[in-house]
Amino acid sequence: MSRRGWFSLILLAALLLAALLAPWLASQNPYDLATLDILDARLPPGSAALDHGGTYWLGTDAQGRDMLSAMLYGLRISLAVGVLSTLLALTAGVVLGLLAAWHGRWVDALIMRVVDIQLSFPAILLALVLLALTGPGVSKIVLALLAAQWAYYARTARSAALVECQKDYVAAARLLRLPTWRILLRHVLPNCLPTLLTVAALQLAAAISLEATLSFLGLGLPVTEPSLGLLIANGFQYLLSGRYWISVFPGLLLVVVLTCCNLLADALRQRADPREAGR
Amino acid sequence: MNEPLFHARNISQSYVLANGWRQRRSTLQALDDVSLTLHAGESVGIVGESGSGKSTLARIIVGLLPPTAGERYWQGQRLPDGPHAGIQMVFQDAASALNPRARVTELIAEAPRIHGLITSGESDFVATQLNRVGLDPQLAQRYPHQLSGGQRARVGIARALAVKPQLLVCDEAVAALDVLIQAQILNLLQQLRRELGLTLLFISHDLGVVRHLCERVVVMHHGRIVETTSAGQLAGLPSSLFRS
Amino acid sequence: MSVLDVKDLTIHIGDTKSPAHAVDSVSLHIERGEVVALVGESGSGKTLTGLAIAGLLDPPLRRVGGEITLLGENLSALPESQLRRRRGDRLAMVFQDPMATLNPVLRIETQLVETIRAHRNVGRNAARDEALAMLDEVGITLPAQRLRAYPHELSGGMRQRVAIGAALINRPALLIADEPTTALDVTLQAQILALIDQYRRDHGTAVLWITHDLGVAAGFADRVLVMYAGQIVESGPCARVLQAPAHPYTAALLGAIPGSVPPGTPLATLPGQPPGLSPPPEGCRFRARCPRAAAACIAAPPQVATGEARTVRCFFPLVTPP
C-alpha cells in the first residue's frame, strides 16, 4: 500500500481508538448534565474553568460543555453509526449482489431493478423520509443509512461476481460439485473483496457525512447524544458572532475523518488494480 | 457389446441473438445434432477450428452448459442436467482455472473432503495426489501465482483426478504451454491414463497433439461432426483445414 | 547494408544491485526481404529483444549495453524524441493481442489515417484511399465497410489483419512480429503467414518473427535464432538447423514436438526448468539440463561458427564443423 494509504489507515485507527477510549480520555462526561456548569458556557479555547480549575482547550459550547470531550464522544457516535451501517449495508448488498450474479434471469432482474429504483432516489431524501416516519434514535438512523446504501454494494458485488463467475475456477468448482453457498462464499466472494472494500471505505465516508447531515438537520440523533453533525449544528448560530470554535472544531474533525476514509479507499483501489500498483 | 461409458445423443445448442435496438432476432446454431460415444479406457480427440463448436460440446459433455436439445447417458443411464462425479475437466488457462486466493492443498483437497473421499490424513492425501502428477509435495502451501506454468497445469490435473473421475475432458489443456512443458504434460496424461484406466476426451486445434495422444479422432466443422476416423488416418484430411 | 544490425544487446530487469540478466549479449542482423525467426520458451528473452529493438522498453526493464543499427543509423545514440519518429517511419511491431495496437473506441479508418498522417505529409482523402488499399492488401473483404467499423465489431482473425495493416501502412523497412498468430487457430495462422510472406516478397520488408513454435519457423523463416536463458544458443539457415540441430537444446525442442515419435510413446523432454537469471549461472546456462554436459561446460562456451553460415554456443555440438 502507498505511504498515503498507510498514513490514513494509522490516523483512522488512532481516531477510532480515541473514540473508543472517550470515557477515559475526556475530562468530563458531556452527556451528564450534572457535570456541566452553565457559567462556563461559550468560553473561548484555552479558558480556565471557573470552579474546578481545569482548562477548556477547545472552548465550551452553549451549555458549558468542554468541546474536546464533546467531540470525543461525538466522534464515538459518528464512527459507531458509520461503521455499523456500513457493515450491515455491505452484508446485505453482498448477499443480494451475489445471488443476482449467480442466479441470473428473473432473480437478477428483480434485484437489479430494485437497485436501479433505489439509486435513482437521492440517498439523503430516502433517509429523511425514513427518519421522519420512525423518529430519531441511533438504531433508527443506522436503519435509514442501511436502506440508503445497500444498493451501492449490491451493484458492485454483482458486477464483480459476474466477472469472477466467468472464470474457469468457478466452472471447476461446479464440476467438483461443491455446494453453491461454498462456491459463492469461499471462491467468488474473496476474489470480489478488494473491489468491495474499496467501495466500503468510500461509503463509510458517505455514511458518516450523511449521518452528520441528518443530525445537522435535526433528524438524526437525539440532542442528548450529540454526534459531530449535531455539534456543528449547535454552534452554527454562534458562528457569525465570533464564537467560531463551537462549530469549527467538530467540523475539522469531520473533514479529517472523511479525508482519511477517501485516501484509504484510493489506496485500496490502487492495491486491487495491478495496473496502478507501480505508481 | 458392453455398455459405453458415456454417450451423448443428438446434442444441439443454439443461441438467440438480439440485433441492436430493433431486436431483429437471429439464431446461432453452435451445435447441430451431434452424437458421441466414449467407451471405457478409450482416448478420443476432437479437432476443429475456433468456432467449430468443439469447446461448446466439451462444456455440454461435462455438464457446465445445458444443451438446447439432446441427452447424455452415463453407463446407459440418462444423466440429469449439471455436473457428474465421474466426469472432470482440465481447462486451457490454468491461471484462470485455479482460484488465485487458495493454496494448492486447498485446491486439491476441498472437493474430496466435502465428498468424504479422504480417509486418512489430509496432508498425506494431498501429497499422494501431488506425487501422482509429478509435483513436489512441498508445493502444497504455495499459491497459484507462485507456481510456473507447467506446475499450474499439473495442479489443474491433480485437482480433477482427486475426486476419482472415470472420464477426463481436456479442453485445449496444453495449448498455452511451451513445447517442452507441453511434452511433459502430454507424457503425464498418457501415464495417468495407463495407471488409472482413465477415459480421455482431448479437445484441441493441434492435429499433431491429438494424433499423438488419441486412438480415435472426431473432426468438427460449423457445429457438426464431419468425420470420425482413427488417428492414423488423419493425414488424409484436407490440408486447407489443418496444418499437418 | 543490413536493414537491422544488433550488437551485444544486453537487458537487465529490476534494481541495479541484483538485476536479472534477461538478455545477454545478443547479436543479430536481418537483410532486406529476409525473415528471421527468434525462437525460445517463455522467459528466454525473445520478446524483450524485440521490444528493445522497437525501443519499447520501460522500467524496470533497462538496456544496459549494445548497439542497434537500423538502415545504417545507430539508434542507440539518438535521443528519445527523435527515436520515436525514426521508429514509426522505418520499423513497426505487431503483437500477439491485436488490441495492444488498436484503440477500442476509434473507427479503423481514424486509426489508419492518423497513423499515416503522423509520419507523412498526406491529405486526409489520400490517406483514406491508402488505408482502403492497405485493408485490401491484408486480405480484408469489403474493406470500405470495415474501414467504418470499430475493432470490437471484427473477428479475432480480422482484427489481427487490421493490426498488421496498421503496422505496414507506412511501408516500414523492418517488421517485428511477436507471436501474432499464437492466439489464432491453424487456418487463420496459415493465412496470416502467407500474407506476411507475400508482402515481404513484394516490398522487400525485413521481418523479425518472434515465436515459441518451431513449427511456424519451419515453413516460413529463412534463418532461425534459438534463444535460451537470455542468450542465442544456435543460429543458421532454417532448414539446416531443423534437420540437423547443433545445440542439444534445439534438439530437445524438436524432440518434444508431437509427431517426432510414434503415437503413444513418450515424447522426449528435459529435466528441470530454465535457470534463474539474477544472477545467471556460471558457465553454460543449459548445463544443468543437458544430456551432453561434461566438466568443460563449467566454463562459458563461446558462440562458434560451424560452417554453412551456422553458429552454436556449445563445447559439444551435435554437428561437427566440416
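Residues numbered from 1 in each chain as written. Chains lettered and ligands numbered in written order. Predicted model: local features only at pLDDT ≥ 70, side-chain atom pairs only at ≥ 80, totals over all residues. Heavy atoms only, no water.

1. A few points about the pattern of salt bridges
Within this structure, the stated rule accounts for 29 salt bridges over all chains. Measuring nitrogen to oxygen at the nearest pair gives 3.4 Å for the salt bridge that ties Glu164 of chain A to Lys167 of chain A. Its relative accessible area of 8% is what places Glu164 of chain A among the buried residues. Its salt-bridge partner being Glu42 of chain B, residue Arg216 of chain B comes within 2.7 Å of it at the nearest N-O pair. (Salt bridge = Lys/Arg side-chain N within 4 Å of Asp/Glu carboxyl O. Buried < 20%, exposed > 50% of the residue type's maximum accessible area, 1.4 Å probe, protein only.)

2. Let's talk about the packing of aromatic side chains
When we look at a pair of aromatic rings, we describe it by the centre distance and by the angle of the planes. Residues and elements named next belong to chain C. One pass over the structure, following the stated rule, counts four aromatic pairs over all chains. Aromatic side chains Trp209 and Phe220 sit 4.9 Å apart centroid to centroid with 80° between the ring planes, which places their arrangement in the edge-to-face category. Residue Trp209 is located in strand E8 (residues 206-211), and its partner Phe220 is located in helix H8 (residues 214-220); the two are separated by 11 residues in the primary sequence. Trp209 sits in the buried class, given a relative accessible area of 1%. When its relative accessible area of 7% is taken as the criterion, Phe220 is described as buried. For the pair Tyr249 and Phe286, a centre-to-centre distance of 5.4 Å together with 70° between the ring planes defines the contact as edge-to-face. A residue pair is termed long-range when its members are at least 10 positions apart, and Tyr249 in helix H10 (residues 248-255) and Phe286 in the loop between H10 and strand E11 (304-307) qualify at 37 residues. Among the aromatic residues, ring-to-ring pairing joins Tyr228, Tyr249 and Phe286 into one connected group. (Phe/Tyr/Trp six-rings, centres within 6.5 Å; stacked < 30°, edge-to-face > 60°. Helix = DSSP H or I, 4+ residues; strand = E, 2+ residues; numbered from the N terminus.)

3. Thoughts on the layout of surface pockets
Considering only enclosed or pocket space, the second largest pocket measures out at about 1000 Å³ in volume. Around the second largest pocket, the lining comprises 26 residues; the ones closest to its centre are Trp102 and Arg174 of chain A together with Leu64, Leu65 and Pro66 of chain B. Contributing elements (two or more residues each) for the lining of the second largest pocket: helix H3 (67-103), helix H6 (138-165), helix H7 (168-175) and helix H8 (180-216) of chain A together with strand E1 (6-19) and helix H1 (54-62) of chain B. The element best represented in the lining of the second largest pocket is H7 of chain A, accounting for four residues. Classifying every residue of the lining of the second largest pocket gives 13 nonpolar, eight polar and five charged. (1 Å grid on protein atoms, 1.4 Å probe; cavity = no way out; pocket = protein on both sides within 12 Å on 5 of 7 lines; lining within 4 Å. Points joined across faces, edges and corners; volume = space filled by probe spheres on them. Nonpolar A, V, L, I, M, F, W, Y, C, P; charged D, E, K, R; others polar.)

4. Details of the interface of chain B and chain C
Each side of the interface is counted separately: chain B has 23 residues, and chain C has 28 residues. One can count zero salt bridges joining chain B with chain C. At the junction of chain B and chain C, the tally comes to four residue pairs in polar contact (both at pLDDT 80 or more). At the level of elements, helix H6 (179-196) and helix H7 (207-213) of chain B are the ones that each hand at least two residues to the side of chain B that touches chain C. Here the side of chain B that touches chain C takes eight residues from H6 of chain B, the largest share from any one element. Of the residues that constitute the side of chain B that touches chain C, the class distribution is eight nonpolar, 11 polar and four charged. (Contact = heavy atoms within 4.5 Å. Polar contact = N/O pair within 3.5 Å; in protein donor to acceptor, adjacent residues only side chain to side chain.)

5. Some details on the side chain of Gln182 of chain B
Tracing the sequence through the fold places Gln182 of chain B in helix H6. Residues within four places of Gln182 of chain B in sequence aside, it is in contact with Val174, Leu177 and Val209 of chain B together with Pro258 of chain C.

6. Examining the sheet that holds strand E10 (residues 231-237) of chain C
Residue and element names in this part refer to chain C. One open sheet accounts for eight strands, arranged E6-E7-E8-E3-E9-E10-E12-E11; its pairing is mixed. Two strands lie at the open edges of the sheet, namely strand E6 (91-94) and E11, each paired on one side alone. Ignoring strand direction, the axes of neighbouring strands in this sheet form an average angle of 20°. Lying over the sheet, helix H6 (residues 156-168) contacts E6 and strand E7 (174-178), oriented at roughly 170° with respect to E6. (Pairing = 2+ DSSP bridges. Axes fitted to C-alpha atoms, helices over the stretch in contact; angles between N-to-C directions.)

7. Focus on the nonpolar core
Within the largest apolar cluster, 110 residues are counted, with the highest numbers of intra-cluster contacts made by Ile157, Leu168 and Phe202 of chain B together with Trp209 and Tyr249 of chain C. Element by element, the count of residues in this core is highest for H6 of chain B, at eight residues. For Leu168 of chain B, the contacting residues outside a window of four places in its chain are Gln88, Met89, Val90, Ala160, Leu161, Leu189, Leu198, Thr199, Leu200 and Leu201 of chain B. Counting residues in hydrophobic clusters, the runner-up holds 34 residues, among them Leu4, Leu9, Met93 and Leu208 of chain C. (Core = buried A, V, L, I, M, F, W, Y, C linked by side-chain atoms within 4.5 Å.)

8. Some thoughts on the sheet that holds strand E1 (residues 4-13) of chain C
Residue and element names in this part refer to chain C. The four strands are arranged E2-E1-E4-E5 in an open sheet whose pairing can be described as antiparallel. With one partner strand each, in any of the chains shown, strand E2 (20-30) and strand E5 (73-74) form the two edges of the open sheet. With eight bridges joining them, E1 and strand E4 (residues 61-70) adopt antiparallel strand pairing. The partner of Leu4 across the bridge, within E4, is Leu70. Across the sheet, helix H1 (residues 46-54) is in contact with E1, E2 and E4; its angle to E1 comes to roughly 115°.

9. Looking at the UniProt feature "transmembrane region" (unreviewed entry) in chain A
All names here are of chain A. UniProt annotation of "transmembrane region" (unreviewed entry) refers to residues 77-102 and 244-265 when read in the numbering used here. Structurally, residues 77-102 comprises 100% helix and 0% strand, and the distance from its first C-alpha atom to its last is 37 Å. With 95% helix and 0% strand, residues 244-265 has end C-alpha atoms that lie 31 Å from one another. (UniProt positions renumbered as here; feature names shortened; annotations may be inferred.)

10. Comments concerning the pairing of strand E3 (residues 43-47) of chain B
Residue and element names in this part refer to chain B. Among the five residues that make up E3, five are buried, leaving the element largely enclosed by the rest of the structure. The alternating pattern of E3 places Ser43, Gly45 and Val47 on one face and Val44 and Ile46 on the opposite face, and all of these are buried. Where E3 and strand E8 (residues 199-204) come together, five bridges link them in parallel fashion. When the sheet's bridge partners are listed, Ser43 is paired in E8 with Leu200.

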